[in-house]
Amino acid sequence: MRIHLVYAHPEPRSLNGSLKDFVVDRLRGAGHEVTISDLYAMRWKASLDAEDFPARDRRDRLDIGCVSRDAYASGTQTADVAEEQRRLLAADVLLLQFPLWWFHMPAILKGWVDRVFAYGFAYGVGEHSDRRWGDRYGDGTFKGKRAMLIVTAGGWAPHYSERGVNGRMEDLLFPIHHGILYYPGFAVLPPFVSYRTGKMDAARYRQTLADLGERLDTLGATAPIPYRAQNDGDYVMPSLVLEPGLSPGRSGLDIHLDGVSESRAAYKDT
């Protein structure tokens, strides 16, 4: 398979740096083609702003959606954005690796999403009408591709549990899983999450590598998180509210899972 890794950590000698090297070596050793976007090493520009649209008429008000659409359609995006889009289109699997900072991805990685996921490329795709609200949430540019997060967290696994003080890890990652990856069509695999990273001894590090290696070896076979598709009849159009007979007795973000999710085991303490 062709696998693209987008990596966001500023220190090569960190745990994340070690895990990144392991990921690349493991995948290439298995015969996969791997490309890497090391955002800090690349000095990636994180802010989406007027400089991203060099061909726009600067006398006009900056409307991000419109200028993003026009730049993508006309081939006038900046070279760094166009190259990342090319890598995504070429890949079968996207891996996003990052530390959980303030309950989300680092700003540089969010900036990669903001700039690379352009109008007409990752959103604003397909028919928009009262019967079909675009090709998204199960459809879209990346349909047929897979994606997985590799995440490190300083807190203990119980902190991110059903009754944990930080909230469930599933819920914290939902905006990334569902809103950034599933929205443009990726089949989203359960994440690989490593907890208590500041207290990792040699034995747990070895176990972490073993567990991560197993996940990497099964990228093509692991069942995705069973999110409901927007355009398959589960949501009332055009309000896009879940049909009243679905997910009885359930609430919160889990209502967007088709049946009982088997993905929670991936959130275990590693």
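Read on for an overview of the structure. Quick caveat, the model's predicted, so the values are computed rather than measured.

Notes on helix 1 (residues 15-29)
Okay, step 1: Counted at 1.5 Å a residue, the expected span for helix 1 with its 15 residues is 21 Å, and the 21 Å between its end C-alpha atoms agrees.
Okay, step 2: Among all positions of helix 1, only Asn16, Gly17, Leu19, Lys20, Phe22, Val23, Val24 and Leu27 are buried.
Okay, step 3: For helix 1, the secondary structure elements touched by its buried residues are strand 1 (2-7), strand 2 (33-38), strand 3 (93-99), strand 4 (146-152) and helix 7 (202-217).
Okay, step 4: Among the residues trailing helix 1, Gly31 stands out with phi positive, at a value near 95°.

Details of helix 3 (residues 64-74)
An α-helical segment advances 3.6 residues per turn. Residues three or four places apart therefore align on the same side.
Okay, step 1: Residues of helix 3 that are buried include every one of Val67, Ser68 and Ala71, and no others. For helix 3, the angular spread of buried residues about the axis comes to 105°, placing them on one side.
Okay, step 2: Its side-chain oxygen 3.2 Å from the backbone nitrogen of Gly65, Asp63 forms the N-cap of helix 3.
Okay, step 3: Gly75 lies just past helix 3 and shows a positive phi near 70°.

Comments concerning the pairing of strand 1
Okay, step 1: When you tally the buried positions in strand 1, you get 5 out of 6 residues, the bulk of the element.
Okay, step 2: Pairing between strand 1 and strand 2: 6 bridges, direction parallel. Paired with Val6 across the strands is Ser37, a residue of strand 2.
Okay, step 3: The parallel pair strand 1 and strand 2, bridged by helix 1, forms a crossover whose chirality is right-handed.

Topic: the pattern of salt bridges
Okay, step 1: This structure, assessed with the given rule, holds 25 salt bridges.
Okay, step 2: Here Arg131 makes a salt bridge to Glu127, at a shortest N to O gap of 3.3 Å.
Okay, step 3: Judged by relative accessible area, which is 65%, Arg131 ranks as exposed.
Okay, step 4: The partly exposed category is assigned to Glu127, whose relative accessible area is 32%.
Okay, step 5: The closest approach of N and O atoms between Lys143 and Asp139, which form a salt bridge, is 2.9 Å.
Okay, step 6: We classify Asp139 as buried; its relative accessible area is 12%.
Okay, step 7: Each of the salt bridges in this network shares a partner with another, and the network as a whole consists of Lys45, Asp49, Asp52, Asp80 and Arg115.

A look at unusual backbone geometry
Glycine aside, residues mostly have negative phi angles, and peptide bonds mostly take the trans form.
Okay, step 1: Residue Pro238 is bonded to the preceding Met237 through a cis peptide linkage, with omega at 0°.
Okay, step 2: Unusually for a residue other than glycine, Leu240 sits at a positive phi of about 60°.
Okay, step 3: With respect to the helices and strands, Leu240 occurs in the loop between strand 7 (235-236) and strand 8 (241-242).
Okay, step 4: Given a relative accessible area of 22%, Leu240 falls into the partly exposed group.

Definitions and limits used
Residues numbered from 1 in each chain as written. Predicted model: local features only at pLDDT ≥ 70, side-chain atom pairs only at ≥ 80, totals over all residues. Heavy atoms only, no water. Helix = DSSP H or I, 4+ residues; strand = E, 2+ residues; numbered from the N terminus. Expected span 1.5 Å × (residues − 1). Buried < 20%, exposed > 50% of the residue type's maximum accessible area, 1.4 Å probe, protein only. Contact = heavy atoms within 4.5 Å. Arc of directions from axis to C-beta. Polar contact = N/O pair within 3.5 Å; in protein donor to acceptor, adjacent residues only side chain to side chain. Pairing = 2+ DSSP bridges. Right-handed = clockwise from strand over helix to strand, strands pointing away. Salt bridge = Lys/Arg side-chain N within 4 Å of Asp/Glu carboxyl O.

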